[in-house]
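Now for the letters of each chain:
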Amino acid sequence: MAAFTERMALFLMFWLVVSLSGTWAVDRANFKTCDQSSFCKRQRAMKPGESPYRALLETMELTNTRLTLQLINDNNKVRLLLELYRLQGNITRVKINELKPLKPRYEVPDVLIREPPTEPLSLLSQDENGVVLSLGAESQRVILSARPFRLDIMEGRNVLMSLNSRGLLAFEHLRMRKDTQADPEAEKKEEAEPANQAETVEDAGKEEDGMWEEMFKSHSDSKPNGPSAVSLDFSLPGVEHVYGIPEHADSLRLKTTDNGDPYRLYNLDVFQYELYNPMALYGSVPVMLAHSAQRTTGIFWLNAAETWVDISSNTAGKTVFGKMLDYVQGSSETPQTDVRWISESGIIDVFIMLGPTPKDVFSQYASLTGTQAFPPIAALAYHQCRWNYNDQEDVQAVDAGFDEHDIPYDFIWLDIEHTDGKRYFTWEPHKFATPKEMLQNLLDKKRKMVAIVDPHIKIDSNYKIHNEIRSLGFYIKNKDGGDYEGWCWPGSAGYPDFTREDMRAWWASMFAYDQYEGSMENLYTWNDMNEPSVFNGPEVTMHKDAVHGAWEHRDVHNLYGLYVHMATAEGLIQRSGGVERPFVLTRAFFAGSQRYGAVWTGDNSAEWDHLKISIPMCLSLGVVGISFCGADVGGFFKSPSPELLVRWYQTGAYQPFFRAHAHLDTPRREPWLFGPENMALIREAVRQRYTLLPYWYQQFYHAYKTGQPVMRPLWVEYPQDPATFALDDEFLIGRDLLVHPVTEEGSRGVTAYLPGKDEVWFDVHTFQKHNGAQNLYIPVTMSSIPVFQRGGSIISRKLRVRRSSTCMEHDPYTLYVALSPQRTAEGELYIDDGHTFNYEKKEFIHRRLSFSNNVLSSVNLSPESQFSTLSWIERIVILGASKPKKVTLKTAGAEDTQLEYDFDASMSVLTLRKPGMNAGVDWTVTLG
């Protein structure tokens, strides 16, 4: 009987996987549209117009830190409480909740890094129509209008943003269900407090399908709390370009949604997603940036429930000719974008980040949710993965193949098949019988491994992890109070309640070396399927009426992946006694996920359009704080042509997270399996990544310190250049490298926009100089990766590429000095041990490199820090130089030295050979 049950389980698993994946395309019928999501349909049916909400000015209270007042819905007399805060750093916070809810409504914890510090609000004026409050800086103020309720944030005479200007504020208050026997005590309470939840007859007649129970396909959502949606509209005068709200497989610039579904934020396991549509994907960051040549602002909607975002614009659909006609005819219509957020439950808690520059908005958001975790340098190198490397011999053969073909790599990855029957924290006993021996062999070569640990736990009484979670009561519960069970890779699985702090602490403890048998210090972790994925659940995820303590899953859904990531990263830190930096990759994410590691764009396909979309997808993540992003190189599904694979390596080598990955059913695709010519091209792309690791590492240090994105859109650095606003086929790494990958099949040339009216850009391969503010046509061959260094910058590289990044730790640097038209340049050099948290104890080198008046110097940016390096400067290449008569090196405590040099007059390139000074000391090089 047991054998039959197991065979039946395997058959069901096979059927589920085939039904989910067999067509190699997303089955849209598995996922809701707005019309199929009752709260979205209900809210979207509201038309802009007169809002029923009125501010009760007599209830206003103003303290040094906040304003509170009550709002009343004149249709149903339900009162809301508005709280308004002025926060440090030019941020305004608006919270709206029920004044007296039937039961508490969910407020998102653990995303903000602290309670945001406030600044004083002052009252400027007040009358029966509203109040005016000062926001301090730059003549900024908030105008609160009473009837109907509306907020306008002003600077001088300009409206920066308006809230409820279209009257679409909606707050579905909690109530008793009318067709059930109500609690008499609750009824008495309602009678005693008519302003609490009283409903008029008119309101009672508005009960609609889906308010108290909802069906999707065969799944029922019991909705015990009834309707609880919240919604608010924002108007952005002068704005035509908005960005963010990942994750969607769409362009960087968000599209209007008038003629289709809103953008959806609801973490889902979408098997082979479609491109260029607003369907939800694996992660959700409810942050939108609005940009114009005059200003950048941001909206952070702190709500973890299913959310839909509508975007409309008064210029949408207008052709360039139409806009010119407006101009000629003197049309005075100011461009405006209107945005509406709709969430299923929780409260309205919104942070309005007022910029005014893109970098200010990044800093403001980082002050709320933290910055990108500073990864170990090896994590920025190349990762080799597939589902699955079969056994230890396979791992050893692949590892040897990279050495044999002289291709560097740092991490090899193991997917779910490495476990004992999909029991995470275990090893398949025959294929991975001696994991420590395998890990030690990698460690001997200064390499590492990542193994997958998913959050669905096989229900098996012989499995230690399951038994402990069950005995501790840590599983999520179903609506009836039992442990929630769903189907995933192991078959029947339980789902730990990661919203519980004690559960997360227990999970972290499982990564200890004495708990995770076979693990070593060079084993890191990959969290997949953490949306969470439930193969037999509604929309391939968890039922919304599952229970997390006092809350329903609907309230916390988009937080689940963040909590899994958080607990796993903490486990890797704890296992080393807090010494070593973790590396954890997650598929699901939320605001704040940047604090815990990397994300990737999920189950893409070996298609040219999927290669192209990787750029805007990672750019969209970067502008909302998540810099450590990449896409599966080569595409997860299907098999890439050799040309597509090469182009994908060339693109991935210039994206933050660089990992090749492939589906179980695809042919093997290690780089040497595509013939010697293609292998050589792939090798060269990977080697380019390794030479630039010092620059990548420095950019991630800056992201960690400041919240600025590593891979960034051009408009971030050129915010007043409209030609950059919609570009998403090229990007910047930091501010000094511009990359325009080749993403078209059979391409013979690309056109790159080089920004900056008074700037120059140097081709990093040929050193050819080009003027900024132009569209440059670049002929390409299969070896071409168009990359340009900004004139006025200094970039450090290590040109001695070895088998792994750790092997290059003490190698020398080459400095590339690209001169501006003013013959100046500056850059930085950051060095630490590359893997511990000792940089927090000031154990690092951070130097400013600058060139002006024919003198190149290195100056200590952090005199209080202590660190030494064996690395030295072996070469300096100056682009745009003139030929000197002599070159003199000066270092402290040493005599001046004349340096040898070569000068290429045809390209104006000066190369200084073997200057030899230590990378951590002060020095100057003078061109005489």
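Up top is the structure.
Residues numbered from 1 in each chain as written. Predicted model: local features only at pLDDT ≥ 70, side-chain atom pairs only at ≥ 80, totals over all residues. Heavy atoms only, no water.

Caption draft 1: The arrangement of the overall build of the protein in detail. Along the backbone of the protein there are 18 helices and 54 strands. Computed over C-alpha atoms, the radius of gyration of the protein comes to 29 Å, within 12% of the 30 Å expected from 2.2 N^0.38 for 928 residues, which places it in the range of a compact globule. Considered along the principal axes of its C-alpha atoms, the protein spans approximately 95 × 80 × 55 Å. Within the protein, the proportion of its 928 residues that are buried is 62%. Taking contacts inside the protein between residues at least 6 apart in sequence as the whole, the part at least 24 apart equals 73%. Total accessible area on the protein is roughly 34500 Å²; 50% of this is exposed by carbon and sulfur atoms. (Helix = DSSP H or I, 4+ residues; strand = E, 2+ residues; numbered from the N terminus. Rg over C-alpha atoms; globule rule 2.2 N^0.38 Å. Buried < 20%, exposed > 50% of the residue type's maximum accessible area, 1.4 Å probe, protein only. Contact = heavy atoms within 4.5 Å. Areas by Shrake-Rupley, 256 points an atom, 1.4 Å probe, with all protein chains shown as cover.)

Caption draft 2: Summary view of the state of the cysteines. Tallied over the entire structure, the rule returns two disulfides. Disulfide pairing is shown between Cys34 and Cys40; the S-S distance is 2.0 Å. Taking the sign of the S-S torsion, -100° for the link of Cys34 and Cys40, the bridge is left-handed. Taking the relative accessible area as the measure of exposure, Cys34 reaches 2% and is therefore buried. Here Cys40 falls in the buried class, since its relative accessible area comes to 0%. With its sulfur 2.1 Å from that of its partner, Cys618 forms a disulfide with Cys629. An S-S torsion of about -75° defines the bridge between Cys618 and Cys629 as left-handed. Taken together, the positions of Cys618 in helix α14 (residues 608-622) and Cys629 in strand β33 (residues 629-630) put the pair eleven residues apart, joining distant regions of the chain. As far as burial versus exposure is concerned, Cys618 and Cys629 are alike and both buried. (Disulfide = S-S within 2.5 Å.)

Caption draft 3: Representation of the packing of helix α11 (residues 501-509) against helix α13 (residues 560-575). Packing of α11 against α13 brings their axes to within 7 Å, and their N-to-C directions diverge by 45°. When the interaxial angle is binned, α11 and α13 end up oblique. The handedness of the crossing between α11 and α13 is right-handed. Mapping the contact onto sequence places Arg504, Trp507, Ala508 and Ser509 in α11 and Tyr563, Val564, Met566, Ala567, Thr568, Glu570, Gly571 and Gln574 in α13. Here the contact of α11 with α13 is composed, by residue class, of six nonpolar, four polar and two charged. (Axes fitted to C-alpha atoms, helices over the stretch in contact; angles between N-to-C directions. Parallel < 35°, antiparallel > 145°, perpendicular 65-115°, else oblique. Left-handed = near helix turned anticlockwise from the far one by under 90°. Nonpolar A, V, L, I, M, F, W, Y, C, P; charged D, E, K, R; others polar.)

Caption draft 4: Inspection of the sheet that holds strand β37 (residues 731-733) at higher detail. Spatially, the six strands line up as an open sheet ordered β36-β37-β38-β43-β40-β41, and their pairing is antiparallel. Each end of this open sheet is capped by a strand with a single partner; those strands are β36 (711-712) and β41 (769-771). Bridging between β36 and β37 involves two bridges; their strand directions are antiparallel. Paired with Arg712 across the two strands is Leu732, which belongs to β37. (Pairing = 2+ DSSP bridges.)

Caption draft 5: The sheet that holds strand β54 (residues 923-927), seen in detail. Reading across the sheet, the eleven strands line up as β51-β50-β54-β48-β47-β46-β44-β45-β49-β53-β52 and stay open at both edges, with mixed pairing between neighbours. Each having just a single partner strand, β51 (897-898) and β52 (901-904) make up the two edges of the open sheet. The pairing of strand β50 (residues 887-891) with β51 spans two bridges and is antiparallel. Note that in β51 the partner of Thr888 across the bridge is Gln898. Helix α17 (residues 693-706) contacts β44 (793-797), β45 (813-818), β46 (825-831) and β47 (845-852) of the sheet and is inclined by roughly 85° relative to β46.

Caption draft 6: Just the packing of aromatic side chains, in detail. Under the defined criterion, the tally for this structure stands at 51 aromatic pairs. For the ring pair Tyr701 and Tyr704, a centre distance of 6.4 Å and an interplane angle of 45° mean the geometry is tilted. Taken together, the residues span about one helical turn, with Tyr701 and Tyr704 both in helix α17 at a distance of three residues. Ring-pair connections join several aromatic residues into one group, and the members of that group are Phe411, Trp413, Tyr524, Trp526, Phe583, Trp600, Phe628, Phe657 and Phe700. Here Arg659 stacks its cationic end above the ring of Trp413, 4.6 Å away from the centre of that ring. The ring of Tyr816 has Arg797 sitting right over it, with the charged end atom 5.2 Å from the ring centre. (Phe/Tyr/Trp six-rings, centres within 6.5 Å; stacked < 30°, edge-to-face > 60°. Lys NZ or Arg CZ within 6 Å of the ring centre and 35° of its normal.)

Caption draft 7: Quick look at helix α16 (residues 675-691). A rise of 1.5 Å per residue sets the reference length of α16, with its 17 residues, at 24 Å; its end C-alpha atoms lie 24 Å apart and thus fit the reference within 8%. Every buried residue of α16 is accounted for by Asn678, Met679, Leu681, Ile682, Ala685, Val686, Gln688, Arg689, Tyr690 and Thr691. Buried residues along α16 sit in contact with β22 (382-384), α15 (642-652), β35 (658-660), α17 and β44. (Expected span 1.5 Å × (residues − 1).)

Caption draft 8: Local environment of the environment of Asp394. As for its placement among the helices and strands, Asp394 is situated in helix α8 (residues 392-404). Sequence spacing of Asp394 and Thr357 is 37 residues, and the spatial spacing of their C-alpha atoms is 51 Å.

Caption draft 9: Spatial organisation of the pairing of strand β6 (residues 122-127). Relative to strand β7 (residues 130-134), β6 runs antiparallel, the two being bridged by five bridges. If you follow Leu123 over to β7, its bridge partner there is Leu133. Where β6 folds back on β7, the antiparallel hairpin that results is connected by two residues.

Caption draft 10: Representation of unusual backbone geometry within the structure. Note that the residue after Gly355, namely Pro356, is joined by a cis bond; omega there is 15°. Within the secondary structure layout, Pro356 lies in the loop between β21 (348-353) and α7 (358-369). The step from Glu531 to Pro532 runs through a cis peptide bond, and the omega angle for that step is 5°. Its location among the elements puts Pro532 in the loop between β28 (523-527) and β29 (547-548). With a phi close to 60°, Asn164 is a non-glycine residue in the positive phi region. For Asn164, the location among the structural elements is in the loop between β10 (158-163) and β11 (170-171). Notably, Lys217 is not glycine yet its phi reads approximately 55°, a positive angle.

Caption draft 11: Fine view of the pattern of salt bridges. The final tally for this structure, using the stated rule, is 59 salt bridges. Between Glu107 and Lys95 there is a salt bridge whose closest N-O contact spans 3.0 Å. One end of the pair, Glu107, is in the loop between β4 (91-98) and β5 (118-119); the other, Lys95, is in strand β4, with twelve residues separating them in the sequence. Accessibility expressed as a relative area gives 38% for Glu107, which makes it partly exposed. (Salt bridge = Lys/Arg side-chain N within 4 Å of Asp/Glu carboxyl O.)

Caption draft 12: The environment of Gly756, seen in detail. In this fold, Gly756 is placed in the loop between β39 (749-754) and β40 (760-763). Given a relative accessible area of 7%, Gly756 falls into the buried group. Each C-alpha atom, one on Gly756 and one on Tyr718, is 7.2 Å from the other, the two residues being 38 residues apart in sequence. Apart from the residues within four sequence positions on either side, Gly756 is in contact with Tyr718, Gly772 and Ala773.

Caption draft 13: Focus on the nonpolar core. One finds Phe300, Trp507, Phe583 and Tyr649 to be the most contacted residues of the largest nonpolar core, which totals 178 residues. Element by element, the count of residues in this core is highest for α13, at nine residues. Setting aside residues up to four positions removed in sequence, Trp507 forms contacts with Phe425, Val453, Asp454, Pro455, Ile457, Phe498, Val564, Ala567 and Thr568. (Core = buried A, V, L, I, M, F, W, Y, C linked by side-chain atoms within 4.5 Å.)

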